[in-house]
Amino acid sequence: IFHSLNTFLVVLLSAQILTVTGRLSDKSILIASAITGLLFGIHPIHVESVAWVSERKDVLCAFFFILSLMSYIRYAAFNQENPPQSPFGKRGFYLLSLTFFILALMSKPMAVTLPVVMLILDWYPLGRIRSVKTFRAVLIEKFPFFALGIASSIVTTIAVDSNGGINPLAVRPLSKNILLAGNAFFFYLYKIFYPDVLSPFYPYPEKIISLY
C-alpha cells in the first residue's frame, strides 16, 4: 500500500517539477509523469523494500521524503502576487516541508540527503541560484534541514557503534571504506539500468576485502 502511494506521489512530484519548468504542454507533462511513476512502481530494484517486511522503513521514509519535496517546491515557487488556493501560506509550506523531513528522518536516516536534493532543485528547475549571493541565501534557508540531518547522522552513528556495527580503522582502514563506498555507488547505479541477478544480500567484493 505504501509503495503504491509512493508511486502516485512520484507522478505528482514529476508533474510538479515539469510544470515549474514551463516548457511542456499539459498533455506532455501528464504522459511524462505517468511514465516516471510507472518506472518507479515496477522497477525490480524496489522489490526488496516492498516484499521484505523489515524494510518497511524504506517505503515509509520515501513517503515522507517525497511529501517534503513537494511541499518545498510549493514554498519555493510560491507567488506572492497570485497565491495558490491553499490553506498554507509560503511559510506554512516551508514548515510543512520541515515536518515531513523530520518524519522521514525518524523513518530512516537515509533522508539526510534531502537538503542536497533541495539545493539541486533550487538550481534547476526552480532557478533560485543565479549568483553567489542567491546561493548563500538558499543555503541559509536550509540551515534547519542541515542541522537536523547532522544531528540524525550523529545519533545514528552512536547507535550503530553501540551495537558493534562500525568496524575500527585497525580492522578496516579508511582507504578500504572509501573503495567499498565507491563500489557500492557504481554497483547500484548499474543495477538501476540493468536490474539483473538481484539478491537481498550483497557481500563485500573479495577483490577489495583482500587488498589488506
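In the block above lies the structure referred to throughout.
Here goes a summary of the coordinates provided. (Residues numbered from 1 in each chain as written. Predicted model: local features only at pLDDT ≥ 70, side-chain atom pairs only at ≥ 80, totals over all residues. Heavy atoms only, no water.)

**As for the overall build of the protein**
Heads up, the condition is: Numbered from the N terminus, helices here are DSSP runs of H or I no shorter than four residues, and strands are runs of E no shorter than two. For the exposure calls, accessible area comes from a 1.4 Å probe over protein chains only, and a residue counts as buried if that area is under 20% of its type's maximum, exposed if over 50%, partly exposed in between. Throughout, a residue-residue contact means that at least one pair of heavy atoms, one from each residue, lies within 4.5 Å. Reported accessibility uses the Shrake-Rupley method at a 1.4 Å probe radius. Residues are deemed covered only where the shown protein chains occlude them.
Of regular secondary structure, the protein possesses 10 helices and zero strands. Each helix and strand of the protein, placed in order from N terminus to C terminus, yields the pattern α-α-α-α-α-α-α-α-α-α. By principal-axis analysis of the C-alpha atoms, the protein measures approximately 60 × 35 × 30 Å. Within the protein, the proportion of its 212 residues that are buried is 30%. Intrachain contacts of the protein at a sequence separation of at least 6 include 68% that bridge at least 24 residues. A total of about 13,800 Å² of accessible surface is found on the protein, and carbon and sulfur atoms cover 70% of it.

**Digging into the nonpolar core**
How we decide: Buried Ala, Val, Leu, Ile, Met, Phe, Trp, Tyr and Cys residues form a nonpolar core when they are joined through side-chain atoms within 4.5 Å.
Leu69, Phe101, Ala111, Leu114 and Phe145 are the most contacted members of the largest nonpolar core, which has 29 residues in total. Going through the elements one at a time, α1 (2-21), α4 (56-76), α5 (90-107) and α6 (114-123) are the ones with two or more residues in this core. No other element matches α4, which puts 12 residues into this core. Leave out the neighbours within four places in its chain, and leucine 69 touches Leu13, Leu114, Val117, Met118 and Leu121.

**Regarding the pattern of salt bridges**
Applicable threshold: Criterion for a salt bridge: a side-chain nitrogen of Lys or Arg within 4 Å of a carboxyl oxygen of Asp or Glu.
Throughout the structure, instances matching the rule amount to five salt bridges. Aspartate 122 is the partner of arginine 128 in a salt bridge, and the nearest nitrogen-oxygen pair spans 3.0 Å. Per residue, the accessibility class of arginine 128 equals that of aspartate 122, and both read buried. The salt bridge partner of glutamate 141 is lysine 142, with a shortest N-O separation of 2.9 Å. Connected through salt bridges with shared partners, the residues Asp122, Arg128, Glu141 and Lys142 form a single ionic network.

**Focus on a nonpolar patch on the surface**
To be explicit about the condition: Patches here: salt-bridge-free residues with over 30% relative accessible area, like charges joined within 9 Å, nonpolar side chains (Val, Leu, Ile, Met, Phe, Trp, Tyr) joined within 5 Å.
There is a patch of nonpolar side chains on the surface, built from Phe185, Phe186, Leu189, Tyr190, Ile192, Phe193 and Tyr194 and spanning about 840 Å² of accessible area. Considering the arrangement of structural elements, one finds leucine 189 in helix α9 (residues 174-193). Of the residues examined, leucine 189 reaches a relative accessible area of 36% and is grouped as partly exposed.

**Some points on the side chain of serine 97**
If you trace the backbone, serine 97 turns up in helix α5. If sequence neighbours within four positions are ignored, serine 97 has contacts with Ser68, Ser71, Tyr72, Met118 and Phe145.

**Observations regarding unusual backbone geometry**
The omega torsion of the bond from tyrosine 124 to proline 125 falls at 15°, within 30 degrees of zero and hence cis. Of note, proline 125 is situated in the loop between α6 and α7 (132-141). Positive phi, close to 55°, is recorded for valine 197, a residue that is not glycine. Note that valine 197 resides in the loop between α9 and α10 (206-209).

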